[in-house]
Amino acid sequence: MQKNLHLYTIDSIIIIVNDKFKNYLERGIVAENKQTDANKRWQEKNREHTRYLRNRSTARSFIKKQATHDDIAELEALIADRKKLISG
C-alpha cells in the first residue's frame, strides 16, 4: 500500500504529512491566512486607531513593568498638563 505524502514549508520548517493530516493542515492554514488578511485589511483602514492602540499599550506596559519613581513623577506632571489642555 502506497501512501501519498505532502511537503509543506511553514515559517522555514519543512513538514511532511500523509493525506489525513494534509486536510487538517490545509484547513488550519487557510483559516489562519484569512484571519491574518482580515487583520491587515482592518489595520490599513484604521491606521490612526491602530497607532493609538499600539501607543497606549506601550505606555501601559512601560508604567507597569519599568517605570521608576522619577518616571512616574514626570508622567504625572505630563498627564496633568494634558488634562488641562484637553479640558479647555
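To be clear, the structure that these remarks concern was listed above.
Description of the structure in this document. The shown structure was predicted, so the numbers you read here are calculated from the model rather than taken from an experiment. (Residues numbered from 1 in each chain as written. Predicted model: local features only at pLDDT ≥ 70, side-chain atom pairs only at ≥ 80, totals over all residues. Heavy atoms only, no water.)

**Considerations on the overall build of the protein chain**
Next up, step 1: A tally of regular secondary structure across the protein chain gives three helices and two strands.
Next up, step 2: Each helix and strand of the protein chain, ordered N terminal to C terminal, gives the series β-β-α-α-α.
Next up, step 3: Dimensions along the principal axes, computed over C-alpha positions, put the protein chain at roughly 75 × 30 × 15 Å.
Next up, step 4: Here the protein chain, with 88 residues, has 7% of them falling under the buried criterion.
Next up, step 5: Taking all contacts inside the protein chain whose residues are at least 6 apart in sequence as the whole, residues at least 24 apart take part in 0%.
Next up, step 6: Side-chain charges of the protein chain comprise 18 positive and 12 negative groups, with the mean position of each set lying 7 Å from the other. (Helix = DSSP H or I, 4+ residues; strand = E, 2+ residues; numbered from the N terminus. Buried < 20%, exposed > 50% of the residue type's maximum accessible area, 1.4 Å probe, protein only. Contact = heavy atoms within 4.5 Å. Lys, Arg positive; Asp, Glu negative; His and termini not counted. Charge placed at Lys NZ, Arg CZ, Asp CG, Glu CD.)

**Overview of helix H3 (residues 69-87)**
Next up, step 1: Counted at 1.5 Å a residue, the expected span for H3 with its 19 residues is 27 Å, and the 27 Å between its end C-alpha atoms agrees.
Next up, step 2: Note on H3: the residue one or two positions beyond its end, glycine 88, has a positive phi of about 100 degrees. (Expected span 1.5 Å × (residues − 1).)

**Brief notes about the pairing of strand E2 (residues 13-18)**
Next up, step 1: Judged from the six bridges that link them, strand E1 (residues 5-10) and E2 form a sheet pairing that is antiparallel. Bridge pairing in E2 links threonine 9 to isoleucine 14.
Next up, step 2: Hairpin remark: E1 followed by E2, antiparallel, with two residues in the connecting loop; positive phi at aspartate 11, about 50 degrees. (Pairing = 2+ DSSP bridges.)

**Observations regarding the pattern of salt bridges**
Next up, step 1: One pass over the full model with this rule turns up two salt bridges.
Next up, step 2: Salt-bridge contacts for arginine 47 lead to glutamate 44; the nearest nitrogen and oxygen are separated by 2.6 Å.
Next up, step 3: The salt bridge partner of arginine 51 is glutamate 48, with a shortest N-O separation of 2.6 Å. In this pair, arginine 51 and glutamate 48 both sit in helix H2 (residues 47-65), three residues apart, roughly one turn of the helix. (Salt bridge = Lys/Arg side-chain N within 4 Å of Asp/Glu carboxyl O.)

**Examining a positive patch on the surface**
Next up, step 1: Together, Arg56, Arg60, Lys64 and Lys65 make up a positively charged patch on the protein surface.
Next up, step 2: On the secondary structure map, lysine 65 appears in helix H2.
Next up, step 3: Taking the relative accessible area as the measure of exposure, lysine 65 reaches 69% and is therefore exposed. (Patch = residues over 30% accessible without salt bridge, like charges linked within 9 Å, V, L, I, M, F, W, Y side chains within 5 Å. Areas by Shrake-Rupley, 256 points an atom, 1.4 Å probe, with all protein chains shown as cover.)

**Considering the side chain of threonine 50**
Next up, step 1: Of note, threonine 50 is situated in helix H2.
Next up, step 2: A relative accessible area of 17% means that threonine 50 is categorised as buried.
Next up, step 3: Reaching out from threonine 50, the side chain makes a polar contact with the backbone oxygen of asparagine 46 at a distance of 2.8 Å.
Next up, step 4: Here threonine 50 is in contact with Trp42 and Gln43, once residues within four sequence places are set aside. (Polar contact = N/O pair within 3.5 Å; in protein donor to acceptor, adjacent residues only side chain to side chain.)

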